[in-house]
Amino acid sequence: MADGPKTAGGREGGRRSRADGAGGREGARGSREDGAELPKTYDPAATEERWYRTWDARGYFRAVPDPSRRPYTIMMPLPNVTGELHMGHALNNGVQDCLIRWSRMRGHNALYQPGMDHAGIAVHVVMDRRLAKEGLTRFSLGRERFLEETWKWREEIGQAILGQMRRLLLSCDWKRTIFTMDPGYSRAVAECFIRLYNKGFIYKGKRMINWCPKDQTSISDLEVEYVEEQSTLYYVRYPGAGGDDGVVIATQRPETILADVAVAVHPGDERYKKLVGTQVVVPIVNRPVPVIADRRVERGFGTGAVKITPGHDLLDYEIGVDHKLPVLIAFDPHGRMTMGGPRYEGLDRMEARQAAVDDLRSAGLLVREEPYTTNIGRCDRCKTTIEPYISDQWFCRMKALAAPAIGAVRDGRVRFHPGRWTKFFLDWMDQIRDWNISRQLWWGHQIPMWHCECGEMIAGIERPKSCPKCGGTELTRDPDVLDTWFSSALWPMATLGWPDETADLKYFYPTNTLATARDIIFLWVARMIMFGLELRHEIPFTDVYINPTVLNIEGRRMSKSLGTGMDPLLLIDRYGADSLRFALLNRCTGEQDLRFSEKMVEDTRNFANKIWNAARLARLHLEGHDVPAGRPRGARTLPNRWILDRFARAASDVTAALEAYEFHTACHRLYEFIWSEFCDWYLEMAKVDLERAAEQPAAETRHVLGWVLGQTMALLHPVMPAITEEIWQALPHEGETVMRAPWPEPPDAWRDAAAETAMAEVMEIAGAVRGIRAELGLATQPVDASLHVADGDRERVDRLRPYLAHLVRLDPDRLPVRGLDEHGAFGISSPYGRGRIEIHVEAPELRAKARERFEKQLTLLERDLAGVTRRLEDPAFVQKAPAEVVAADRARAQGLVERRGTLRRYLADLAPPSRPAPPGSGGVRPR
Ligand SMILES: [Zn+2]
Ligand SMILES: [Zn+2]
């Protein structure tokens, strides 16, 4: 049989069919004549590519509604079509694919929905940059040509992004890949807008919004990034209209003085009581304005008097509305001055600031300047300073939409992991403000509203035939597009066919887990919950996992432009996607940030190599034997009983960790089980039984070894999909892929307390023997040793002897079991549990060397101990030194005293004259 290992258990029906092994593996292996050899070194790139192609071709990623199985759905947070895969994606998608693969193995019908976001403003920024290179702008190109160019570019980059995702081995149902500007999705977005408009949630109005003068669009509050910056605070005198001194105000933005309509003070501020109600003159433009009193003025800021510019500041705008002040606007949408006559008109706002400062200074009205640290709002896409700007925009009323979402999180229908994000979410939701949803952009979903010359507005996907109010037929579509997040908010529903009640929607919605980053909890997570509840009266998902942010090892944000980024594709080339996935998930603690370095991926690659070598060793022993694939029952040898017990524990720990979204714990447990328990202890002990002459322990061990390793591959599969499949296929197995193997869920009945106790003794003895040999400097040389136990324990310990001898690399004949009162000559001993271990140092020159070694250590120790003791006996030190210093010294003194006891015992053991050997103790060789 060319495909499968001979070891695949024919008896249990686990033998693979020809087709099973055919997954494109030809060419990647050495000799195939005698079964699936595992090559000497593991080749992640070839293995990952080969298995990924096979899984995909066999349709393992597909998910279609099936009422006989429970669905499990994850909607991939749709990547923007702007960029390349970064470490954040690698982590986020790694988490999702782990959950998806795990659920699939648990028997769920798992759907991992992929897709991409058109990312309106982000794409505009990219396109603007591209056009600028050719000396063009979107305005010079025109809307239609711009959209054509953008679509072309999107096709290119979209393919590249999907290709990158495949490198991560994601088991997405690629046939379902959706782009948010696909026709079906676009219809859902328009439908959502119309429903919300008809219910009164959406309105149009002139409001102060955040304006990006570079991108020429409004953006929402959440898209403004506040950065602490150094600025200047200018103190400016506004003379009284009656010729008196007037008032000095403080401002950071002297260029907006031109649009001032009042000066305001706090009503309780005694300094200005008399001024309220009088008039002062705005400098530069010489316009008289009133001094008003308003509680929103901060008395501690500057002089306690501020200028009011409703056209250019949100708070001023609100104060202006309440005091019925006019609104003056000093700049156009590009941030260029439109007031102040020829001296100012056409200047950029920053140039205008300098001009205003110069004018104030020459007029003698600039009282003083001081440095000032402030938060400047910048466009999170292009980093231009945002202008508060009054503009006619579409808004969504959020309070009423938020209430059911708050309820769903409060009563636990939607749960955040880690739990601290619940409060973070609720605090913001309680303060929610109306959402500016229109953008003055072209790439995106054009608002489905039609304007008639008579002023009537009609909502509809298609152009209405005529205006219902005046009968006019000159209807024009609203030019604005919707905020990208408006369409993303429909992601869990629209991907499944909403607004139609499709079979997919009925079966896969609500989805299960949303895994995402903390910076889009409000932008995206909150809005999906609100839209899901409003439009389909159902939560969109039950669990929200917020993954940590990947930082570099110094704790800095990863960024290509800062040179602090890491390219996940490069790491995959070097170490494989399996290793990258494990390395990232292994750092997913409950912390907010994850510090990452290439070394971590390299370490995981070493782990993969360790697994590979263990699998090769297993294959070597299983080769040529008929080994059943099913679960072993009634194991008798200690290593087999113990590893079955340990595997049961590992499996239940990993399951519990994944259920709690504790990926670090799951990975840590897998690592510990495989590296230490399986490789370092079990495999070593299993070799003893595999090489025994009697067939029973060998046959039993082959079965347990093959089965536990295969099950371990299943347990590791969600994190490291490819290497686990490769090894699983080479071991006795049932079924055609580890992807569909049942998730290991061993019952508690598998626990074997007696095996654990016995193994604890083995570990203790092995540790003690290794420890003394290391102390003697004889870690690798062959020595004689003996185990001394009570008579009642002799038989039991004697059975452990072959394992122990192998573990400590000693000849079993040179490790006899003796009575407690027997003593070897010239050895040193160490107590363990209920017995004693002796290492015999027979040769006089070795003995002398060992004595010298211990005497030297003892001399140094005595000196240390004397120093610590002196300090501790000094009442001044004990009273004055910090408590933890004194405690540390006490602990150190105690440790030194214990060590002194050990060294003295060793020296006594090694000291001539030898004790007389009791009669009948064969191991004792008197001088
Ligand atoms: Zn911008
Ligand atoms: Zn009309």
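Counting restarts for each chain, with residues numbered from 1 along the sequence as it is written. Here chains are named by letter from A upward and ligands by number from 1 upward, in the order in which they appear as written. Restriction of local features to residues with pLDDT of at least 70 applies here, the model being predicted, together with a cutoff of 80 or more for giving and counting side-chain atom pairs; totals for whole chains, interfaces and linings are based on all residues. By convention in this description, side-chain values take in all heavy atoms of the structure and omit both hydrogens and water.

Novice: It is not clear to me how the side chain of Asp97 should be interpreted in this structure. Could you clarify?
Specialist: Position of Asp97 among the secondary structure elements: in helix H2 (residues 87-105). Any pair of N or O atoms that falls within 3.5 Å is considered a polar contact. Within protein, one atom must be able to donate a hydrogen and the other to accept it, and sequence-neighbouring residues count only if both atoms are side-chain atoms. A polar side-chain atom of Asp97 sits 2.7 Å from a polar atom in the side chain of Arg101. A polar side-chain atom of Asp97 sits 2.8 Å from a polar atom in the side chain of Arg581. Pairs of residues are marked as contacts when any of their non-hydrogen atoms sit within 4.5 Å. Contacts of Asp97, omitting those with residues within four sequence positions, involve Tyr112, Leu169, Leu170, Ser171, Arg581 and Pro718. Each helix is a run of DSSP H or I of at least 4 residues and each strand a run of E of at least 2, with the numbering of both proceeding from the N terminus.

Novice: Is there a simple way to explain a positive patch on the surface in this structure?
Specialist: Candidate patch residues must exceed 30% relative accessible area and have no salt bridge, after which like charges are joined if within 9 Å and Val, Leu, Ile, Met, Phe, Trp or Tyr side chains if within 5 Å. All accessibility values rest on the Shrake-Rupley procedure with a 1.4 Å probe; residue burial counts only the protein chains present in the view. By convention in these notes, a salt bridge is any Lys or Arg side-chain nitrogen within 4 Å of a carboxyl oxygen on Asp or Glu. The charged-residue count follows a simple rule in which Lys and Arg add positive charge and Asp and Glu add negative charge, with His and chain termini not counted at all. Every charge is mapped onto a representative atom, which is NZ of Lys, CZ of Arg, CG of Asp or CD of Glu. A cluster of basic residues, Arg129, Arg130, Lys133 and Lys214, forms a positive patch on the protein surface. With respect to the secondary-structure elements, Arg130 resides in helix H3 (residues 120-133). Only protein chains enter the calculation, and the probe is 1.4 Å; a residue is then buried if its accessible area is under 20% of its type maximum, exposed if over 50%, and partly exposed in between. Arg130 gets classed as partly exposed once you look at its relative accessible area, which sits at 39%.

Novice: Just checking my understanding: could you explain the pairing of strand E9 (residues 262-265) for this structure?
Specialist: Each regular strand shows side chains that alternate between the opposite faces of the sheet. Side chains of E9 alternate between two faces, with Ala262 and Ala264 and Val263 and Val265 buried alike. One ladder, built from four bridges, connects E9 with strand E12 (residues 305-308); its direction is antiparallel. Considered in E12, the bridge of Ala264 is made with Val306. Paired strands are those between which DSSP finds at least two bridges. In this structure, E9 lies alongside strand E11 (residues 287-293), joined through three bridges in parallel fashion. Directly across from Val265, in E11, lies its bridge partner Ala293.

Novice: Sorry, what's going on with the coordination of the zinc ion (ligand 1) here?
Specialist: Six octahedrally arranged donors around a metal ideally form angles of 90 or 180 degrees; four tetrahedrally arranged donors ideally form angles of 109.5 degrees. The protein atoms that coordinate the zinc ion (ligand 1) are Cys212 (SG), Asp215 (OD), Cys379 (SG) and Cys382 (SG), at distances spanning 2.1 to 2.3 Å. Note that water is not among the atoms used; donors are N, O and S atoms within 2.8 Å of the metal (3.2 Å for Na, K and Ca), so sites may look incomplete. Every angle between 85 and 135 degrees makes a four-donor site tetrahedral, while opposite donors more than 155 degrees apart, with all other angles between 65 and 115, make a four-donor site square planar and a six-donor site octahedral; other sites are irregular. Its four donor atoms give the zinc ion (ligand 1) angles of 101 to 120 degrees at the centre, a pattern that matches the tetrahedral case.

Novice: It is not clear to me how the environment of Ile447 should be interpreted in this structure. Could you clarify?
Specialist: By secondary structure assignment, the location of Ile447 is in the loop between strand E17 (438-439) and strand E18 (449-452). Judged by relative accessible area, Ile447 falls into the buried class, the value being 0%. In the structure, Ile447 is positioned 234 residues away from Pro213 in sequence and 22 Å away in space, judged by C-alpha atoms. Beyond its immediate stretch of four places on either side in the chain, Ile447 contacts Phe193, Trp394, Ser438, Arg477, Asp478, Asp480, Val481 and Leu482.

Novice: Explain the sheet that holds E18 to me, please; I cannot follow it from the model alone.
Specialist: The three strands are arranged E19-E18-E20 in an open sheet whose pairing can be described as antiparallel. This sheet does not close on itself; its edge strands, each paired only once, are strand E19 (457-459) and strand E20 (475-477). In this sheet, adjacent strand axes meet at a mean angle of 30 degrees when their direction is disregarded. In this structure, E18 lies alongside E19, joined through three bridges in antiparallel fashion. Following the sheet pairing, His451 is matched in E19 by Met457. Orientation is described by axes fitted as lines to C-alpha atoms, over the contacting stretch for helices, and by angles from 0 to 180 degrees between their N-to-C directions.

Novice: For this particular structure, what's the right way to read the pattern of salt bridges?
Specialist: Two side chains of opposite charge can pair, provided their charged atoms sit close to one another. For the structure shown, the criterion picks out 75 salt bridges. We note a salt bridge from Asp573 to Arg167, for which the minimum N-O separation is 2.8 Å. Note that Asp573 is positioned in helix H16 (residues 568-575) and Arg167 in helix H5 (residues 143-167), a separation of 406 residues in sequence. Arg176 serves as the salt-bridge partner of Asp504, at 2.9 Å between the closest nitrogen and oxygen. A residue pair is termed long-range when its members are at least 10 positions apart, and Asp504 in helix H14 (residues 503-508) and Arg176 in the loop between H5 and strand E4 (178-179) qualify at 328 residues. The exposure class assigned to Arg176 is buried, which follows from its relative accessible area of 12%.

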